[in-house]
Amino acid sequence: MKAALIGLGQAGGRVAQAIRDTDRQAGYDAIRGVLAVNTARPDLQGLDVETMLIGGDRVSGHGVGADNELGASIMQADINEVMSGLDGIVRPETDAIVIVAGLGGGTGSGGAPVLAKELRRVYDKPVYGLGILPGRDEGAIYQKNAAQSLQTFAREADSLLLLENDAWRASGDSMSEAFETINERIARRFTLVLAAGEVLEGVGESVVDASEVINTLRAGGMAAIGYASAEAASEAGENVNVITSTARRALLTDMSVPDTTSAESALVIAAGDPERLSRKGVERARKWVESETGSMAVRGGDFPLPDEEEIAVVVLLAGIADSPRLEAFMERAKEASEKTETETDRKTAFQNEELEDLF
Ligand code: GDP
């Protein structure tokens, strides 16, 4: 699909840029425009995409810290400016708009639901969120912010894809050392989903296209992505097991929200050289995902990558409200919230009912 990306806040800007870079390097050309929006000027300066500073009159380019209520309030106040900035980014051919944000901070956490609501009001295109959940050892305020944002963002967007920072962090790495690696991993997975249908070489009837991604995400609520890859034999017939075992690994060991195996709908994408992709393998993987997730709406297809020696399998799960990991996260956030409530005076950033309603 052809997507417009909006990166909100520090994590949002960096991850949006990583996705655009991966898309360009692979030559998919699915990402047609990127805008990074932030209240902190320094976080915009290192980016190589179009940028916009908001809230300059209130925080003078210094950011909102982890105050997501202030982040929401600034997005609300500057919404017209942001919408105008999207004029050249969201185009007639755009299939979907994606808002990328870290849910634990301030600008992205607070701003994303507000922007999603306005985009859905104005555009007749699906609006997806890509939300990054804080690591377990980040502070209580991050957990609390993420829990608040998670629920409102999922409600305001057509679907909210979640990624846990802890899911791909190598042990021993500090969070900042790990970001670059995590961002690349997010980009690799997410780009394959967004670019589905954009690679025209070797197109056959089993190629996944934008409408299949959109229909899968129609389940709404929250979504997660699994990914795994393996060396493939040169003959398609020898790759049936390669595809099924790679799909198993994608779902069971490498989900962006680990341990999530039930979903309302799902999409299995096998990416690789059309000569090596086994249709039987993709069909078996699809059936296996159906039995594993308990969903009757599992789609499947190919992403042709001519001359690629590996086969990668992406499993997109949509409507994952039952995830035990999300439940555990909400529990952790509730405890964190109780802790922070007693420590801080509630700020009075919410001055209008519209925002009150968003959180
Ligand atoms: P904002 O700028 O106020 O929106 O706040 P941030 O984007 O810094 O959000 C903080 C959350 O995002 C924390 O949970 C961080 O761990 C996470 N984060 C910050 N930068 C990155 C990044 O480059 N990559 C990833 N994956 N997470 C990040």
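Residues numbered from 1 in each chain as written. Predicted model: local features only at pLDDT ≥ 70, side-chain atom pairs only at ≥ 80, totals over all residues. Heavy atoms only, no water.

Here is a general trend for soluble globular proteins: nonpolar side chains tend to be buried in one another's company. Membership of the largest hydrophobic core comes to 67 residues, with the highest contact counts inside it found for Ile99, Leu115 and Leu119. Here this core gathers at least three residues from each of two domains, domain 1 (3–195) and domain 2 (218–318). Ignoring anything within four residues of it in the chain, the contact list for Leu115 reads Ile6, Leu8, Met75, Ile79, Val82, Met83 and Ile99. Judged by nonpolar contacts, the second largest core, of 53 residues, contains Ile19, Val49, Leu217 and Val314. (Core = buried A, V, L, I, M, F, W, Y, C linked by side-chain atoms within 4.5 Å. Buried < 20%, exposed > 50% of the residue type's maximum accessible area, 1.4 Å probe, protein only. Domains from an automatic or database assignment. Contact = heavy atoms within 4.5 Å.)

Next up on the list: helix H9 (residues 210–217). Looking only at H9, the buried set comprises Ala210, Val213, Ile214, Thr216 and Leu217. Down the axis of H9, the sector holding all buried residues measures 160 degrees, keeping them to one side. (Helix = DSSP H or I, 4+ residues; strand = E, 2+ residues; numbered from the N terminus. Arc of directions from axis to C-beta.)

The next subject is the sheet that holds strand S6 (residues 159–164). Spatial strand order, S3-S2-S1-S4-S5-S6-S7-S10-S8-S9: 10 strands in an open sheet with mixed pairing. Each edge of the open sheet is held by one strand with a lone partner, namely strand S3 (50–53) and strand S9 (297–304). Taking each pair of neighbouring strands and ignoring which way they run, the sheet shows an average axis angle of 20 degrees. Bridging between strand S8 (residues 265–272) and S9 involves eight bridges; their strand directions are parallel. (Pairing = 2+ DSSP bridges. Axes fitted to C-alpha atoms, helices over the stretch in contact; angles between N-to-C directions.)

Residues in close proximity to the ligand total 18 residues, the closest being Gln10, Ala11, Arg14, Glu138 and Asn183. Contact distances for the ligand include 2.9 Å between an oxygen atom and a backbone N or O atom of Gly106. In this structure, Glu138 approaches the ligand through a side-chain N or O atom, which is 2.7 Å from an oxygen atom. Isolated, the ligand exposes 570 Å² of accessible area, and the fraction of that covered by the protein chains is 93%. (Near = heavy atom within 4 Å. Polar contact = N/O pair within 3.5 Å; in protein donor to acceptor, adjacent residues only side chain to side chain. Areas by Shrake-Rupley, 256 points an atom, 1.4 Å probe, with all protein chains shown as cover.)

What follows is about helix H6 (residues 107–122). Relative to the 22 Å expected for 16 residues at 1.5 Å per residue, H6 spans 22 Å between its end C-alpha atoms, a close match to the ideal helical length. A large share of H6 lies buried, amounting to 12 of its 16 residues. Of the residues making up H6, those classed as buried are Thr107, Gly108, Ser109, Gly110, Gly111, Ala112, Pro113, Val114, Leu115, Ala116, Glu118 and Leu119. (Expected span 1.5 Å × (residues − 1).)

Moving on: the domain arrangement of the chain. Domain assignment breaks the chain into domain 1 (3–195) and domain 2 (218–318). On a C-alpha basis, the centres of domain 1 and domain 2 stand 26 Å from each other. Taken together, the contact pairs 18 residues of domain 1 with 18 residues of domain 2. When domain 1 packs against domain 2, the two sides together hide about 1700 Å² of surface, and 71% of this comes from carbon and sulfur. The tally of links from domain 1 across to domain 2 stands at one salt bridge. Ionic pairing is found between Arg189 and Asp254, a salt bridge with its closest N-O pair at 2.9 Å. Where domain 1 touches domain 2, the interface holds six residue pairs in polar contact (both at pLDDT 80 or more). Only helix H7 (140–156), S6 and helix H8 (175–194) provide two or more residues apiece to the side of domain 1 that touches domain 2. It is S6 that contributes the most residues to the side of domain 1 that touches domain 2, six residues altogether. (Buried area = accessible area lost by both parts, 1.4 Å probe. Salt bridge = Lys/Arg side-chain N within 4 Å of Asp/Glu carboxyl O.)

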